[in-house]
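Okay, here's what each chain looks like letter by letter:
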Amino acid sequence: MEDNDVGSAEKCFSLFCDTLRRRYGNSVFKLWFSDLRLDDCGGDAIILSTESDLRRDRLDQQYKPGLMSAWSDNVYPIRRVTIIKRANLSSNAARVNALAPQRESAADGAHLGVIVNGFDRGEGKSGSPARRAPRVSEIATALDQRLTFDTFAVDASNEVAVAAARQIFNEEAPREIIYFHGPSATGKSHLLHACGNEWMARYPMGRAVYVTHNNIQNGCVGALLSSSTMSFHRDVLANDLVMIDDIHMLAGKKGTLDELVNLVNSIVSAGRQVIIAGGMSPGKLVESGFPERLADRLAGGLSVRISPASEKLRAEVLMKHRAAAGLDDRITDETISLTARLFSASMRDSIGAFKTLALRCRTRPGVIGPAEALSELQSRLNERRRKATLEETLSAAADAFGINAEELLGRSQPQRIVRARHAFVYVARTVLFESFPRIGRALGRDHTTAISSMRRAEALMPRDKAFAAGVGAIKVSIGAEFEPEKLLPSKAS
């Protein structure tokens, strides 16, 4: 199919939409696909556009493989689908859209259309403006004024990351890439916002920009399609501090990643400060398909892992939220500690539970103690019970026995560390029902070591109350079946 053949493009797009309707049904089609337009096509790629940020994000994150399959199976094979937000149509695109036949579906009246930018580009003609890349001001996300260094709780899991973040305000320190990486809900985005807010407070005449993975993709794709990468780079470099969040979500987006490498190199060469956050270490990024040049850049700067929060840190964060909400006299310290212990999947998990208690404070009088909190959060506890991962269980075992994950995976043999390993193996085997080879690999050991550890744990459980309590703490932390009422203080106390 020729790109500038509007009739052919319309036929292909109509076939594509019919396929989507058959596969997903009319209700899903109307909700998510009804305003899709074919923005460009050619070679092994198509570009689809939608008018909604919400639709673009959902299509990109949930339906993209299905869109590619629907086109490849029923129109012609492609290797890439790009989904962008549609702003005002250019005059060329509007002309094409007007010329392209529209089709109304008897099922729901949805209109199908194509906007083929390759058709009659009108180069050199007056009144035919070229497509341009979005300006940084159009793709940037506003800084959240509540996310500052003062509201960020610090412990051993993130103190190095905080020190790295604060280094950008040391004028004698070199300007280098800072890369925060770690699991979701460990505070990476909070740190980026804190850096931006602090920067603007210290340098009122300066400029800082915070961009999410979706928006940096839109910027890079727009720059490539409009042949205006230099203009896009200049727009980014007008900022003294550039922050890019959730970079790991760009895995598989080769065109965006290639352009991002060039952009990061430009930022560094210009002496600007760049801070990037992602869910994987530089080495893991390469394994997921990231360019080695970009991973090397990240590894060569300040690459800092942020580990999941400990129970103590979760409690400190909840106390900050309690103080900010003015609920110090309504929610007790014991309730905060219980909430931090029960909702341990992530920091967001704990904060979400606290928000439920805060809502209860606004609707009913009285102080919320542990018993009231447990009653209020029971349904939430039931919903969150799921099979935890081995990584989550490792982290929970380290917390339960007062050590860190590095010690648990290391080769040291002190009793407190060895007992934590035994407890991890016991829970992984009896609660997660994992095989000994997988448990051994999680510890960096072989399956025979895991079997031996399991035997030791079985021997300790009936005669060592402290060990059994540690196992119970792990089960609570990962949301396994348990009797939460046992965690309440006894009436005698």
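Residues numbered from 1 in each chain as written. Predicted model: local features only at pLDDT ≥ 70, side-chain atom pairs only at ≥ 80, totals over all residues. Heavy atoms only, no water.

**Q** I'm lost on the environment of Glu 198 in this one. Help?
**A** Within the secondary structure, Glu 198 sits in helix H7 (residues 188-202). Residue class for Glu 198 comes out partly exposed when judged on its relative accessible area of 24%. Along the primary structure Glu 198 and Phe 169 are separated by 29 residues, whereas in three dimensions their C-alpha atoms are 8.8 Å apart. If near-sequence neighbours (up to four positions away) are discounted, Glu 198 is found in contact with Phe 149 and Phe 169. A polar contact of 2.9 Å, which involves the side chain of Glu 198, links it to the side chain of Arg 202. (Helix = DSSP H or I, 4+ residues; strand = E, 2+ residues; numbered from the N terminus. Buried < 20%, exposed > 50% of the residue type's maximum accessible area, 1.4 Å probe, protein only. Contact = heavy atoms within 4.5 Å. Polar contact = N/O pair within 3.5 Å; in protein donor to acceptor, adjacent residues only side chain to side chain.)

**Q** What am I meant to see in helix H6 (residues 159-166) here?
**A** If you check which residues of H6 are buried, you get Ala 161, Val 162, Ala 164 and Ala 165. One side of H6 holds all its buried residues, which, seen down the axis, span an arc of 160 degrees. (Arc of directions from axis to C-beta.)

**Q** Please explain the confidence of the model for the protein as it appears in this structure.
**A** Residues shown with low pLDDT carry predicted positions that ought not to be read at fine detail. When the pLDDT values of the protein are averaged, the result is 81; 84% of them are 70 or greater. Confidence drops under a pLDDT of 50 for residues 88-129, and excluding neighbours within four residues, the segment shows 89 contacts in the predicted structure. (pLDDT = per-residue confidence, 0-100.)

**Q** Please explain the pattern of salt bridges as it appears in this structure.
**A** Two side chains bearing opposite charge may form a pair once their charged atoms approach each other closely. Tallied over the entire structure, the rule returns 13 salt bridges. The salt bridge partner of Lys 284 is Glu 287, with a shortest N-O separation of 3.7 Å. Here Glu 287 and Lys 284 lie together in helix H11 (residues 282-287), a separation of three residues that amounts to about one turn. The class of Lys 284 is partly exposed, set by a relative accessible area of 46%. Linking Arg 322 and Asp 333 is a salt bridge whose minimum nitrogen-to-oxygen distance equals 2.8 Å. Taken together, the residues Arg 322 in helix H13 (residues 311-324) and Asp 333 in helix H14 (residues 333-342) connect sequence positions 11 residues apart. Take Arg 322: its relative accessible area is 7%, and that puts it in the buried class. For Asp 333, a relative accessible area of 41% puts it in the partly exposed group. (Salt bridge = Lys/Arg side-chain N within 4 Å of Asp/Glu carboxyl O.)

**Q** How should unusual backbone geometry be read in this particular structure?
**A** Across the chain, the bulk of peptide bonds are trans and the bulk of non-glycine residues have phi less than zero. Notably, Asp 246 is not glycine yet its phi reads approximately 55 degrees, a positive angle. Along the polypeptide, Asp 246 turns up in the loop between strand E8 (241-244) and helix H10 (254-269). According to the relative accessible area criterion, Asp 246 is partly exposed, its value standing at 26%. One non-glycine residue, Phe 433, lies in positive phi territory at about 60 degrees. Here Phe 433 shows up in the loop between helix H19 (415-430) and helix H20 (436-443). Residue class for Phe 433 comes out exposed when judged on its relative accessible area of 66%.

**Q** Before we go on, may I ask you to explain the packing of aromatic side chains in this structure?
**A** Aromatic ring pairs are described here by two measures, namely the spacing of the ring centres and the angle between the planes. Tallied over the full model, the rule gives 11 aromatic pairs. A centroid spacing of 6.1 Å and a plane angle of 45 degrees characterise the contact between Phe 169 and Trp 199, whose relative ring orientation is tilted. With Phe 169 in the loop between H6 and strand E6 (178-181) and Trp 199 in helix H7, the pair connects residues that are 30 residues apart, well separated along the chain. Here the basic side chain of Arg 166 rests over the ring of Phe 149, its NZ or CZ set 4.2 Å away from the ring centre. Sitting above the plane of the Phe 436 ring, Arg 429 keeps its charged end 4.1 Å from the centroid. (Phe/Tyr/Trp six-rings, centres within 6.5 Å; stacked < 30°, edge-to-face > 60°. Lys NZ or Arg CZ within 6 Å of the ring centre and 35° of its normal.)

**Q** Would you mind showing me how to read the nonpolar core here?
**A** One broad trend across soluble globular proteins is that nonpolar side chains are buried collectively. With 29 residues, the main nonpolar core has Leu 408, Phe 424, Ile 439, Phe 467 and Ile 474 as its most contacted residues. If you list the elements that add at least two residues to this core, you get helix H17 (390-400), H19, H20, helix H21 (447-460) and helix H22 (465-477). In this structure Phe 467 touches Phe 401, Arg 419, His 422, Ala 423, Ala 457, Leu 460 and Met 461, once residues within four positions along its chain are discounted. Counting 28 residues, the second-largest nonpolar core is a separate cluster that includes Tyr 179, Ile 216, Leu 250 and Ile 267. (Core = buried A, V, L, I, M, F, W, Y, C linked by side-chain atoms within 4.5 Å.)

**Q** Got a minute to help me understand the pairing of strand E2 (residues 45-50) in this structure?
**A** On any regular strand, side chains alternate: one points to one face of the sheet, the next to the other face. Within E2, six of the six residues are buried, which leaves it mostly tucked inside the rest of the structure. Across the two faces of E2 the burial is the same, with Ala 45, Ile 47 and Ser 49 and Ile 46, Leu 48 and Thr 50 all buried. Between the parallel pair E2 and strand E3 (residues 80-85), the chain is carried across by helix H3 (residues 53-74), and the sense of this crossover is right-handed. (Right-handed = clockwise from strand over helix to strand, strands pointing away.)

**Q** Quick question: what am I supposed to make of the side chain of Ser 350 here?
**A** Assignment of secondary structure puts Ser 350 in helix H15 (residues 347-363). There is a polar contact of 2.4 Å between the side chain of Ser 350 and the backbone oxygen of Phe 343. Contacts of Ser 350, omitting those with residues within four sequence positions, involve Arg 314, Leu 318, Thr 339, Ala 340 and Phe 343.

**Q** In this structure, what is going on with the packing of helix H8 (residues 213-225) against H10? I would like to understand it.
**A** Relative orientation and spacing of two packed helices are given, respectively, by the angle between their axes and the distance between those axes. Two numbers describe how H8 lies on H10: the axes approach to 9 Å, and their chain directions differ by 90 degrees. By the angle between their directions, the pair H8 and H10 is classed as roughly perpendicular. Packed against H8, whose contacting residues are Ile 216, Gln 217, Cys 220, Val 221 and Leu 224, the element H10 presents Gly 255, Thr 256, Glu 259, Leu 260 and Leu 263 at the interface. Residues belonging to the contact of H8 with H10 are distributed by class as follows: six nonpolar, three polar and one charged. (Axes fitted to C-alpha atoms, helices over the stretch in contact; angles between N-to-C directions. Parallel < 35°, antiparallel > 145°, perpendicular 65-115°, else oblique. Nonpolar A, V, L, I, M, F, W, Y, C, P; charged D, E, K, R; others polar.)

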